[in-house]
Structure formats: C-alpha cells, structure tokens
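Examining the three-dimensional arrangement
Spelled out, the chains give:
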Amino acid sequence: SPSPLDLTEGWEYRWGDSPRFADDTPAWLVEEAPNGAWQAIGFPSNPPARNGNRYVWFRITLPAGEWRDPVLYIFSIDLLAQVFLDTELIYQHGSFDADEEGRFVGWPWHMISLPEDYAGRQLAFRVYSNYTDIGLWGEVRLMDRPDVLSMILSRSAADLVIAAFCLLLALLAGVFALIQQHRQSFAGIGLFSLASGIMVLAETQASQLLLAKPLLWSYLAAAGYYALPVGIGLLLEPWFKARHSLWIRRLWQLHLGYLVFALGLALSGVVNLSTTFPVYDVLLVVSLPTLFLFVSLQLRQLSGEQQLVIAAYGVLALLLLFDMAVAHGFLPWRLIPVSLGALIFSLAIVAISLRHYARTQRELVKLNQHLELQVTERTHALQDMVEKFRAFSYQDPLTGLKNRRHFDEIFAHEAAIARRGATLTLVMLDIDHFKHFNDLHGHEAGDAVLVATGQLIGEHFREADVVCRLGGEEFVVVMPGASAEQACEAVERLLRTMRQRRFQHGEASLGRVSLSCGVASYPEHTDDPLDLIRLADLALYRAKHCGRDRSETYESSA
Ligand SMILES: Nc1nc2c(ncn2[C@@H]2O[C@H](COP(=O)(O)OP(=O)(O)OP(=O)(O)O)[C@@H](O)[C@H]2O)c(=O)[nH]1
C-alpha cells in the first residue's frame, strides 16, 4: 500500500472560537474570512501569541493520494477537538459542557476515517485547551487503515516486552522486600520497576488496543512517572552518609507527596490530570540535578555495583529530560525511547542481583564446609567425653579402683575364658571392725584408710590382676590364670604389710588396720567359675569367724 503522508504543510490557524449558524454549523467553516484572520503555520500546534486563548482553529486542504481505505492518524491532541470535513462533523475527542468548556480525557492516538472523495476538501479542527499546550502534537499522517495497526504494533513490541520485564522484576523485588534484609533497597528496586513498567505500558501506543480507556492510561502513566524518583530515592538513600541521605530522603518524600497530592486533586475533579504534568516536570528539573549533585559528591566512595546503578539511572534521567523537552516543544517532535532507560536500569539491577546470588552461593558452600569441619571436631570432642564418662562409670570415686559394675563385667568375661580351660582365682578382702574404726576416728579417717588400703592391695598383686572395691569396706581381686596357691602368697604378703603399717590421717595416727581374706579358685574348688564369688565369700566368712587378720582358702568340707 502507498506509504503514509505526514501532513506538515499547508496548515492555517485562527485564534478564538467560531460563531454558529442557527443549524449549529460553525460560521468559520463557510464564511469568507477577513484578510489575515487565518494565518499559515508549519504544524498545527501552539500557534504564536496565544494570550490566554482556550480555542484555536486549524484547517488544511487534503491532498490527493492512492490510499484505498484512507484514515487520518493523529498522535495526539491537546486537549479536546472536533474535526470537520467541509461542514460535516466527522470526529470528536472529548466533550463540551454548556459553557463550551471540557475536561481532560487522556492523550490517546486517533484514527479518523475519511471518505473516498476526501481529496481537495477542507479539513478543519476546532481545538480546546486549558493546558500549557494547545493544538495537535506528535504526528498527523494520511495513511491506509491497515497500516495504522501494523505501525502501532511494530512501534510498541519492544516496549511491551520491556514493560513485562519491569513488572516481573518488580514482583521479584517485592517478594525479596518482604523476606530479605536490605528491605529498603529491595522496596526501592521494586517500586522503581513497578513504576517504570506501568509507565512504559501506559505510554505505549498498543495499550489503547488492549483497553480503550485513554484517561485511565494517562492516570497510570502519571502514577508511574511520578513514582520513579521515589523508587530511586529509596534505593539510593542508604548508600549515602547521614547528611546527604537526609536530603535524598527529603527529595523522594517530596515526590511522594506530589504523587499523592496531584493524583488526589485530579481524581477529585479539582484540577485536570494534564495540569499536574508540567508542575511535576518543573519539580523533576530541580530534583534530578540535585540528586546528581549529591551522588557525584560521593561517587568515589561507592562500590562498582553502585556506580553501575547510578550510571544506568543517569541514562534514564537524561532520556526523561529529553522526553520532557520534546513534550514542551523545546525540541522538535520525536519518540524518545524512555523505555530503553528503564530497561538499562532494570538490566543493571538484574546483573548485580545475579552476581550477588553467585557470591552468596559460594559463601554458602564455604560456610557448609566450615560447618562440617566443626561438626567433625565437636563429634570427636563428644566421643572423648563419652569415653571419659564411661571410665567414670566404671570407677570408684573414693579409691580410684574399679567399681562393682566393672567387677561384674570383668568377672563374667574372665569366667567365660576360664570355662574354655584357664585357671581363675578370686580373692575377697574385708577390713576388720571398720564400723568400730569409723566410730573411733571418724568417717573422714575411715575414708583415708579405705584409700590407703586400696592402694596397698593394688601394690601386692600382678598387673594382670584386677582390684575392685565392691562397696563399703569390701574389696575383691580377680586373678586370671592364677592358682589358689599363688593367690595365697600374694595375700599373705599383703597381710604382713598391713600388720606393719601404721595408718595416719593428717596429724592423727590411726594405728593398725587388719584385713580378712577369702580365696577360691577354678577349677580347683568348683566346676563352675561363676560360683567363685559365693565360695570366696564363704572363705572370707571363715576368716572372720576364725579371728580376722587372716586369709582362708575355700575348703569343700567346711
Ligand atoms: N569411712 C567410711 N566408712 C564406710 C564406707 N562405706 C561403708 N563404711 C562403713 O563401714 C562399716 C562396715 O561395718 P560392718 O559391715 O558392720 O563391718 P565391720 O564393722 O567392719 O565388722 P567386720 O566386717 O565384721 O569386721 C559401716 O560402719 C559403714 O558405715 C565409706 O565409704 N567410708
């Protein structure tokens, strides 16, 4: 199909509003105008010498062309308009009240159908605006209807992807803001991504195809646009020192305040939403450089990652300023890729997050190894401790000899060995008249005697013999491989030593202590080694009975 034609020539404008005939036809459409009433203008926008005018008319004679289904594509109109082909009203954007005033209804693109015989006919615009700009804005093109859709879609595709990306990032950052540390940074990233995602989506021309609510899209675009500095401020604030961070906080709070205030006033009908844009732009022109000043003062102290974020933010800020300059006519019209700035910023954040993630993973692995090492060390320590406790549980705390529990185990063990053909002898030893001794010298002295006696017993037997304290003043010696005779020799030596020994406790001399002993041996005295305890006890009983301070060997006849 033939290529679109930009209508940038042959326009005329006329300030003010046309009177009407009785049938409501505007007189300016048909009347012979006084000389100089209509003046030439290159593009039907912001004619000179407005002087507070809220109405302006534009007209053009439509050129001939090859379009089969011709439409007039306009992006966009400040703020409301009626479009006439000759005297016929063919299109209207917004509505007018009884006083011929109207309210802002958004900045959509327009597609105005033209009849086949449009060529050479007059197209006129009656434009109303109480906004800083008046007239058409952006592009006015004559083109084939199907080309409008493909043009809009191809212009919007990248923006739609970027918007989706920003919104996804916003979701992730929002989740992290709820569950992670550095809440404010994540909240800043989340808010920024949400704001830029909404702004890009709302400003992309395809949004109008998704939902034909231009005013709603304008509100969303405004909300996103106004929230951007709040997100950036939240993110940057913790990076800076006290004084600077306080200023950054004031800046973003100011912008937050404006966001709430401006949208509140517009929603409640006090002002047109369009009016809140230029005021915000003034605010942004002040706050962007101020923010930059604080950032550059401390740029060197920031990490490489923080500098990357700030560079990305700088690109975005520049694009926003360009966009603003175009919107207010300081620069000729062109589409400024603001969404690209949002994309760069988001990509910087994603790159940094991925790096952080990788680093955290590495640290986790290291931490894990460290933990494993610690667990091993602790386990060893614990095992040592368990060993020690086990030893304690087999030891008599007073004398340091093995206790009854140990005796039970070792005796059962030695008895089992003896049954396979070895000799085993058991000696029971009991201190004589120990009750009397305790009564006479006191319990502490008794303890001292128990310790000393235990030591003496140990000294008089072989390494292989196991000396245990069974409890009270009673001891036992397990003698693997020893005969009754060998045991008696050892016992006799011990008794001799005991007779010569004068016990001491501190300064006090305690005098003599004697032992009675009973000896029994396997297989000499029994065919069941487990019986040795009973037999040795009987022998001991006999020693006591026969006058103590002696050793008796078991005799079956006794
Ligand atoms: N000092 C001290 N005395 C203990 C300990 N264990 C038991 N005794 C005392 O040992 C005494 C044992 O007395 P008895 O079993 O009547 O026997 P005995 O007085 O030695 O008389 P015979 O064995 O017949 O010579 C009791 O008075 C117990 O209080 C101890 O750990 N320390």
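Residues numbered from 1 in each chain as written. Predicted model: local features only at pLDDT ≥ 70, side-chain atom pairs only at ≥ 80, totals over all residues. Heavy atoms only, no water.

This next bit is on the sheet that holds strand 8 (residues 110-113). If you trace the four strands from one edge of the open sheet to the other, you get 1-10-5-8, paired in antiparallel fashion. At either margin of the open sheet sits one strand with a lone partner, and together these are strand 1 (5-6) and strand 8. Strand direction decides the pairing type here: strand 5 (residues 70-78) and strand 8, joined by four bridges, are antiparallel. Across the sheet, the residue bridging to I74 is H110, located in strand 8. Sheet strands in contact with helix 1 (residues 145-179) are strand 5, strand 8 and strand 10 (135-144), and its direction is about 125 degrees off that of strand 10. (Pairing = 2+ DSSP bridges. Helix = DSSP H or I, 4+ residues; strand = E, 2+ residues; numbered from the N terminus. Contact = heavy atoms within 4.5 Å. Axes fitted to C-alpha atoms, helices over the stretch in contact; angles between N-to-C directions.)

Below, the discussion takes up the site of the ligand. The environment of the ligand is formed by 16 residues, the closest being H433, F434, K435, N438 and D447. At 3.0 Å, a backbone N or O of H443 approaches a nitrogen atom of the ligand. Note that an oxygen atom of the ligand is positioned 3.1 Å from one of the side-chain N or O atoms of R548. Of all elements in the fold, only strand 11 (424-431), helix 10 (434-441) and helix 11 (443-459) reach the threshold of two or more residues within the shell around the ligand. Along the lines of polarity and charge, the residues of the shell around the ligand split into three nonpolar, five polar and eight charged. (Near = heavy atom within 4 Å. Polar contact = N/O pair within 3.5 Å; in protein donor to acceptor, adjacent residues only side chain to side chain. Nonpolar A, V, L, I, M, F, W, Y, C, P; charged D, E, K, R; others polar.)

It is worth spelling out the nonpolar core at this point. Counting residues in each nonpolar core, the largest one holds 59 residues, and the members touching the most others are Y225, Y226, L236, W239, F240, L273 and F345. Those elements giving two or more residues to this core turn out to be helix 1, helix 2 (183-203), helix 4 (214-236), helix 5 (242-267), helix 6 (273-297), helix 7 (304-327) and helix 8 (338-393). In terms of residues, this core owes the most to one element, helix 4, which gives eleven residues. Excluding its chain neighbours within four sequence positions, the residues that come into contact with W239 are Q298, L302, Q306, V309 and I310. The next biggest cluster of nonpolar side chains, apart from the first, holds 31 residues, and it includes M479, V491, L494 and F503. (Core = buried A, V, L, I, M, F, W, Y, C linked by side-chain atoms within 4.5 Å. Buried < 20%, exposed > 50% of the residue type's maximum accessible area, 1.4 Å probe, protein only.)

The next thing to look at is the packing of helix 2 against helix 4. At a minimum axis separation of 7 Å, helix 2 and helix 4 run at an interaxial angle of 155 degrees. In terms of their interaxial angle, helix 2 and helix 4 are classed as roughly antiparallel. Where helix 2 crosses over helix 4, the handedness of that crossing is left-handed. Here the residues of the contact of helix 2 with helix 4 are counted per class, giving 19 nonpolar, six polar and one charged. (Parallel < 35°, antiparallel > 145°, perpendicular 65-115°, else oblique. Left-handed = near helix turned anticlockwise from the far one by under 90°.)

So, on to the pairing of strand 7 (residues 88-93). Strand direction decides the pairing type here: strand 6 (residues 80-85) and strand 7, joined by five bridges, are antiparallel. For Q82, the partnering residue across the bridge sits in strand 7 and is Q92. Hairpin geometry of strand 6 and strand 7 is characterised by an intervening segment of two residues between the two adjacent antiparallel strands and by a positive phi of about 55 degrees at D86.

If you walk across this open sheet you meet the five strands as 12-13-11-16-17, and the pairing is mixed. At either end of the open sheet lies a strand with only one pairing partner, and these are strand 12 (466-471) and strand 17 (550-553). The sheet shows a mean angle of 20 degrees between the axes of neighbouring strands, taken without regard to direction. The sheet contact formed by strand 12 and strand 13 (residues 474-480) spans five bridges and is antiparallel. Residue pairing for strand 13: V466 is matched across the bridge by V478. Each of strand 11, strand 13, strand 16 (515-522) and strand 17 is contacted by helix 12 (residues 484-500), which is oriented at about 170 degrees to strand 16, the strand it contacts most.

What follows covers the packing of aromatic side chains. The final tally for this structure, using the stated rule, is 26 aromatic pairs. Grouped by ring-pair contacts, the aromatic residues F104, W107, Y131, Y225, Y226, Y258, F277 and Y280 constitute a single cluster. Over the ring of W38 we find R59; its NZ or CZ atom is 4.1 Å from the centre of that ring. Looking at R250, its charged tip hangs above the ring of W247, at a distance of 5.3 Å from the centre. (Phe/Tyr/Trp six-rings, centres within 6.5 Å; stacked < 30°, edge-to-face > 60°. Lys NZ or Arg CZ within 6 Å of the ring centre and 35° of its normal.)

A few words now on the UniProt feature "transmembrane region" (unreviewed entry) in the protein. Residues annotated by UniProt as "transmembrane region" (unreviewed entry) correspond here to residues 160-179, 186-204, 216-240, 252-271, 277-296, 308-330 and 336-354. End-to-end, the C-alpha atoms of residues 160-179 are 29 Å apart, and along that stretch the chain is 100% helix and 0% strand. What you have in residues 186-204 is 95% helix and 0% strand, and the ends, taken at the C-alpha atoms, are 26 Å apart. (UniProt positions renumbered as here; feature names shortened; annotations may be inferred.)

The next thing to look at is the environment of A490. One can find A490 in helix 12. Distance from A490 to I457, taken between C-alpha atoms, is 9.3 Å for residues 33 residues apart in sequence. When sequence neighbours within four positions are dropped, the list of residues in contact with A490 reads H460 and F461.

What follows covers the environment of E473. Inspection of the secondary structure puts E473 in the loop between strand 12 and strand 13. Each C-alpha atom, one on E473 and one on F434, is 7.2 Å from the other, the two residues being 39 residues apart in sequence. In contact with E473, not counting residues within four places along its chain, are L429, D430, I431, F434 and L450.

So, about unusual backbone geometry. Peptide bonds are mostly trans, and most non-glycine residues show a negative phi. Each neighbour pair has its own omega, and for F75 with S76 the value is 5 degrees, a cis peptide bond. The omega torsion across D78 and L79 is -20 degrees, close enough to zero to call that bond cis. Checked against the element boundaries, L79 lands in the loop between strand 5 and strand 6. The phi dihedral of D86 is positive, around 55 degrees, even though this residue is not glycine. Examined against the element boundaries, D86 turns out to sit in the loop between strand 6 and strand 7. Despite not being glycine, H433 shows a phi value in the positive range, around 45 degrees. Position of H433 relative to the elements: it lies in the loop between strand 11 and helix 10.

It is worth spelling out the pattern of salt bridges at this point. Inspection of every chain in the model, using the stated rule, returns 26 salt bridges. The closest approach of N and O atoms between E305 and R359, which form a salt bridge, is 3.6 Å. Here the residue E305 occupies a position in helix 7, and R359 occupies one in helix 8, the gap between them amounting to 54 residues. Here R359 falls in the partly exposed class, since its relative accessible area comes to 30%. (Salt bridge = Lys/Arg side-chain N within 4 Å of Asp/Glu carboxyl O.)

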